[in-house]
Amino acid sequence: MMAAEPVGGTDTATSSSYRHFRVRHFHLELRVNFDRRQLEGREVLELSCVRPDGGGCGGGERELRLDTHSSLCVQSVTARSAGGDAQSLPFEIQPFTNYGATLVLTLAGPCRHGDQLEVTIHYKATDGPGVVWLDPEQTAGKVKPYLFTQGQAVLNRSFFPCFDTPAVKSTYSASIKVPEGFTAVMSATKWEHDQKQNIFHFKMHHPIPSYLVALAVGDIVSAEVGPRSRVWTEPCLLDAAKEEYDGVVEEFLNAGEKLFGPYVWGRYDLLFMPPSFPFGGMENPCLTFVTPCLLAGDRSLADVIIHEISHSWFGNLVTNANWGDFWLNEGFTMYAQRRITTELYGAAYTCLEAATGRALLRQHMDNTGEDHPLNKLKVKIEAGIDPDETYNETPYEKGYCFVSYLAHLVGDQEKFDAFLRAYVEKFKFQSIVAEDTLNFYLNYFPELKEKDVEKRPGFEFDGWLNTPGWPPYLPDLTSGDTLMKPAENLAALWLAADLSMDAIKAIDVSSWRTYQIVYFLDKLLEKSPLPPGNVAKLAETYPKISKAKNAELRFRWVQIIVKNNYEEAFDELKNFLRSQGKQKYTVPVYRAMWSETEGTRKLAQETFAATKNQLHKNVQNYVKKILV
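Residues numbered from 1 in each chain as written. Predicted model: local features only at pLDDT ≥ 70, side-chain atom pairs only at ≥ 80, totals over all residues. Heavy atoms only, no water.

Asks: Go over helix α2 (residues 238-245) with me, naming the residues and quoting the values.
Replies: By the burial criterion, the buried members of α2 are L238, A241, E244 and Y245. The arc that holds every buried residue of α2, seen down its axis, measures 135°, which confines them to one face. Within α2, the exposed residues directed more than 90 degrees away from the buried face are D239 and E243. The first or second residue beyond α2 is G247, which carries a positive phi of 80°. (Buried < 20%, exposed > 50% of the residue type's maximum accessible area, 1.4 Å probe, protein only. Helix = DSSP H or I, 4+ residues; strand = E, 2+ residues; numbered from the N terminus. Arc of directions from axis to C-beta.)

Asks: Now, about the nonpolar core: what can you tell me, with residues and values included?
Replies: Ranked by size, the top nonpolar core spans 203 residues in total, and within it Y245, Y441 and F520 carry the most contacts. The leading source of residues in this core is helix α7 (residues 394-410), at ten residues. In contact with Y441, not counting residues within four places along its chain, are L406, L409, V410, F416, F419, L448 and F461. (Core = buried A, V, L, I, M, F, W, Y, C linked by side-chain atoms within 4.5 Å. Contact = heavy atoms within 4.5 Å.)

Asks: Talk me through the packing of helix α19 (residues 583-594) against helix α20 (residues 598-611); I want residue IDs and the actual numbers.
Replies: Relative placement of two packed helices is described by the angle separating their axes and the distance separating the axes. For the pair α19 and α20, the least separation of the axes is 7 Å and the interaxial angle reads 145°. Facing α19, whose interface residues are Y590, M593 and W594, α20 presents T600, R601, L603, A604, Q605, T607, F608 and T611. (Axes fitted to C-alpha atoms, helices over the stretch in contact; angles between N-to-C directions.)

Asks: Outline empty space enclosed by the protein, supporting the account with residue identities and numerical values.
Replies: Under the defined criterion, the tally for this structure stands at three cavities of 30 Å³ or more. Taken as a whole, the largest cavity spans an internal volume of roughly 120 Å³. Listed by contribution, the elements that provide at least two residues to the lining of the largest cavity are β1 (21-33), β2 (38-49), β11 (169-177) and β14 (199-209). Grouping the constituent residues of the lining of the largest cavity by class yields twelve nonpolar, two polar and two charged. A volume near 60 Å³ is recorded for the second largest cavity. Lining of the second largest cavity is provided by R338, A354, R358, L361, E397, Y400, C401, W470, P471, L474, P475 and L477. Contributing elements (two or more residues each) for the lining of the second largest cavity: α6 (347-368) and α7. The class makeup of the residues in the lining of the second largest cavity is nine nonpolar, no polar and three charged. (1 Å grid on protein atoms, 1.4 Å probe; cavity = no way out; pocket = protein on both sides within 12 Å on 5 of 7 lines; lining within 4 Å. Points joined across faces, edges and corners; volume = space filled by probe spheres on them. Nonpolar A, V, L, I, M, F, W, Y, C, P; charged D, E, K, R; others polar.)

Asks: Any details on the layout of surface pockets? Residues and values, ideally.
Replies: Reported here for the second largest pocket is a volume of approximately 440 Å³. In terms of lining, the second largest pocket is formed by 21 residues, of which the most central are Y335, Y400, Q413, P475 and D476. Considered class by class, the residues forming the lining of the second largest pocket number ten nonpolar, seven polar and four charged.

Asks: Outline the pairing of strand β7 (residues 100-106), listing residues and values.
Replies: Along β7, six of the seven residues are buried, which leaves the element largely enclosed by surrounding structure. Here strand β3 (residues 63-68) pairs with β7 via six bridges, running antiparallel. When the bridges of β7 are listed, T68 appears paired with A101. Relative to β7, strand β6 (residues 91-97) runs antiparallel, the two sharing six bridges. Directly across from P95, in β7, lies its bridge partner A101. The antiparallel hairpin formed by β6 and β7 contains two residues in its connecting segment. (Pairing = 2+ DSSP bridges.)

Asks: Hey, could you go over the state of the cysteines for me, with residue numbers and the actual values?
Replies: Summed over the entire model, instances satisfying the criterion amount to zero disulfides. Of the cysteine sulfurs around C162, a residue in no disulfide, the closest is that of C73, at 17 Å. By relative accessible area, which is 6% here, C162 ends up buried. The thiol of C401 is not disulfide-bonded; the next cysteine sulfur, from C351, is found 12 Å away. Exposure remark for C401: the relative accessible area of 5% places this residue in the buried category. (Disulfide = S-S within 2.5 Å.)

Asks: Run through the pattern of salt bridges, naming residues and quoting values.
Replies: Taken as a whole, this structure holds 37 salt bridges when the rule is applied. Residue R157 is joined to D164 by a salt bridge in which the shortest nitrogen-to-oxygen separation is 2.9 Å. Both residues of the pair, R157 and D164, belong to the buried class. One salt bridge in this structure joins E224 and R230, with 3.4 Å as the shortest N-O distance. Three or more residues joined by partner-sharing salt bridges are found here, namely R37, D127, D135 and K617. (Salt bridge = Lys/Arg side-chain N within 4 Å of Asp/Glu carboxyl O.)

Asks: Report on the environment of R554, specifying residues and quantitative values.
Replies: Within the secondary structure, R554 is located in helix α17 (residues 551-563). With relative accessibility at 14%, the residue R554 sits in the buried group. Each C-alpha atom of the pair R554 and V168 lies 41 Å from the other, and the pair is 386 residues apart in sequence.

Asks: Let's hear about the environment of S222: which residues, and what values?
Replies: Note that S222 resides in strand β16 (residues 221-226). Here the alpha-carbon distance between S222 and L271, two residues 49 residues apart in the chain, equals 8.8 Å.

Asks: Help me get a handle on the packing of helix α18 (residues 570-579) against α19, residues and values and all.
Replies: Relative to each other, α18 and α19 sit at 145°, their axes nearing to 10 Å. α18 and α19 meet at a crossing whose hand is left-handed. Every residue of α19 that contacts α18 at L573, F576 and L577 is listed here: Y585, T586, V589, Y590 and M593. Taken together, the residues of the contact of α18 with α19 sort by class into seven nonpolar, one polar and no charged. (Left-handed = near helix turned anticlockwise from the far one by under 90°.)

Below you can see the structure in the form of structure tokens.
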């Protein structure tokens, strides 16, 4: 048996408190003020003392410590025990790290095991890292402002005081009062609207970690796209979102349930964020936040949400207890995503997509060096280091390889699928560490445990977790050759100085799905610049690429434009940067522009000057660092 390490992480100063107090439930009662960019109201925490020795709880005999942030102003705190009267509590804000602070409450008396306590905190939250206020020009409609929160990894401490660690889960409810003409949505299993007061009431009946509590407020409307799904968007995007996802979400959910067990969250809704939303998606339960870049007009990017749907089992239901074990969330989710796509689209397509993921992992490890400490699955996050600063491809793709290795050891896909269902059932609504997962695996398959598979030389489980480097096992992706080889052959034809248009036209790309075209474009991008005149001919031959609405294709096409200094298409380059603000797209394109010619550098400066106010402030800062 592998010995489990303590679940506590270094991302919170509250470990002494959350081990002594259990959050049964918390309630947020907030008013949204766009003029002041302020959330104002109160939070009510329902706590139980669980310290086993019966002594005083907290960092001292009478302390309760919560994570908070300098952008959040605590105004007053009261507490009452069961049956008692509310009493004002003294409090102070203590420094913690550059990404947070600690709210220290001094209780009226020591709490003992079994005691119940209700703590009410009146506060204001402003423009913090997890509370994002958008000006009208940063939205799709360009008329009304917008508010959204982003909790992962440790940002919700700027939204409400909490135990901001994935080790702690609780239910929550909220009442959000918004101005007339605005709608509030949250990651909740139930919601109601008091139209007279314009207050939206929410309840999350299942325990979730703080980072999955999410709020958005704006000019938001919705349309049903399935028996348990709707799309939420600004009005100008609603028809496009409904057309793109009508009937699609239910197909993905059904495939996930067949493989991993019941979908427990009730509804699965999608909120299409404003164009300045810097992320691809955030798997907030019941309400995934996604980039509007997915609205390609032809459903060619619809399957991107399979990753977020897979989090409904791996991440949201079974959660890493600390961010050093992030691979438990993302490695299992990558495996689940690829199991679903295999069931829906076949092994060849899944292997092609996995090959693009492996290439990203290779690129990352080439950039950092394989021996970089972040290139192991169990990462030690030192005190004071923001977990977001450790974000990279390793927990996703190396994690996927480890889960694939566990499946390889079993040697039977149906048996491993059954294990995944049992794993979810065993640990649902819990936060766990890697050792919990691997001990359960070995006990579930005693025949493998008897063979000491965890100690096989070169493939030791401990080595997977604690040794940086390239995965010792890579799943077989040769099924993807039927899609990769034609793309490679076509790319080779376009690299020739003398184009053979007959050979090129003999390869029919009309039926190629997105990842096959992406693979083709990546090959061209690797070899750019192409021989003179080839890019112009490419644009003429494939309007499906040069005039694409699909953001993944546009992202690669505009980089080919830059790498080849194809000035005739610079307008398409500018249009792409004006149309979206996703960090994954925007930053690499500006980096490519800045590294090429004087003309592309000038274009980068002009485009950024014209569009910077549309971008999220973090993306603005990244681009500013490039353009120096």
